[in-house]
Amino acid sequence: MTTGAPPPPVRGRSRARTLAPLGIAAWLVLEIWLLTLVADAAGGLTVLALLIGGGVLGAAVIKRAGRRAFTTLTEQLQRQQAGAQPPSTADRGSGGNGMLMLGGLLLMLPGLISDALGLLLLIPPLRTALAGYVERSVDRRMGAVLQQARIHRPDGKVVQGEVIRDDDRRGPGPGNDDGSRPPLTP
């Protein structure tokens, strides 16, 4: 038996990874329980109509948010091609497409609690406030990484050019008889 360094300490699961499955299971049990309560009180057809209505409304919301996102992207690309500066985040207003799509997804999921949360996300002031809270939370947790990405992100302008090396250390090679390379052309 060899005596070496002790084995590295075993890192336990994070709290979120431990509690997330329990939370999802509790949410599913609560959704089923609530659906059975409504079915007992109003009838099975009412519950079926609520679930189908939620799915249709959710699909319509996601379709609208997707069209809005595509329109915004098209406008930004046209502005960029025209040479205009893209609007700042303050000028764009509250995009909220991500939260709108989340609301549509929650409406499409079967269950009354998810439908209620999805309907809450359709209210513009609440959606905007929640989007701001999520953005601040992500910035706080991932601030350094996101700040680095923002600093190093190119502005979208393409500069045509070529690389010319001053050293003559490269000798003749395949396709490079005189030691130089032809300029890059599109």
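Our structure is the block above this text.
As the structure is a computational prediction, the values presented were derived from the model and not from experiment.

Novice: Any details on helix H1 (residues 15-42)? Residues and values, ideally.
Specialist: Spanning 28 residues, H1 covers 40 Å between terminal C-alpha atoms, matching the ideal 40 Å at 1.5 Å per step. Immediately beyond the C-terminal end of H1, within one or two residues, lies Gly-43, with a positive phi of roughly 110°.

Novice: Hey, could you go over the packing of helix H2 (residues 44-81) against helix H4 (residues 97-108) for me, with residue numbers and the actual values?
Specialist: To characterise two packed helices, one gives the angle between the axes of the helices and the distance between these axes. One way to put it is that H2 packs onto H4 with a least axis distance of 7 Å and a crossing angle of 160°. With respect to H4, the axis of H2 lies roughly antiparallel. Like other packed secondary-structure pairs, H2 and H4 cross with a definite hand, here left-handed. Where H2 abuts H4, its residues Gly-54, Gly-55, Leu-57, Gly-58, Ala-59, Val-61, Ile-62, Arg-64, Ala-65, Gly-66, Arg-68 and Ala-69 lie against Asn-97, Leu-100, Met-101, Gly-104, Leu-105, Leu-107 and Met-108. Each residue belonging to the contact of H2 with H4 can be placed in one class, and the counts come to 11 nonpolar, 6 polar and 2 charged.

Novice: Could you give an account of a nonpolar patch on the surface, with specific residues and numbers?
Specialist: On the surface, Leu-130, Tyr-133, Val-134, Val-138 and Met-142 cluster together into a nonpolar patch covering about 410 Å² of accessible area. Within the secondary structure, Tyr-133 sits in helix H6 (residues 124-152).

Novice: I'd like to hear about H2, residue by residue, with values.
Specialist: With 38 residues, H2 extends 56 Å from end C-alpha to end C-alpha; this agrees with the ideal 56 Å at 1.5 Å per step. On its buried face, H2 sits against H1, H4 and helix H5 (112-121). Positioned one or two residues after H2, Gly-83 has a phi angle of 90°, which is positive.

Cut-offs and rules
- Residues numbered from 1 in each chain as written.
- Predicted model: local features only at pLDDT ≥ 70, side-chain atom pairs only at ≥ 80, totals over all residues.
- Heavy atoms only, no water.
- Helix = DSSP H or I, 4+ residues; strand = E, 2+ residues; numbered from the N terminus.
- Expected span 1.5 Å × (residues − 1).
- Axes fitted to C-alpha atoms, helices over the stretch in contact; angles between N-to-C directions.
- Parallel < 35°, antiparallel > 145°, perpendicular 65-115°, else oblique.
- Left-handed = near helix turned anticlockwise from the far one by under 90°.
- Contact = heavy atoms within 4.5 Å.
- Nonpolar A, V, L, I, M, F, W, Y, C, P; charged D, E, K, R; others polar.
- Patch = residues over 30% accessible without salt bridge, like charges linked within 9 Å, V, L, I, M, F, W, Y side chains within 5 Å.
- Areas by Shrake-Rupley, 256 points an atom, 1.4 Å probe, with all protein chains shown as cover.
- Salt bridge = Lys/Arg side-chain N within 4 Å of Asp/Glu carboxyl O.

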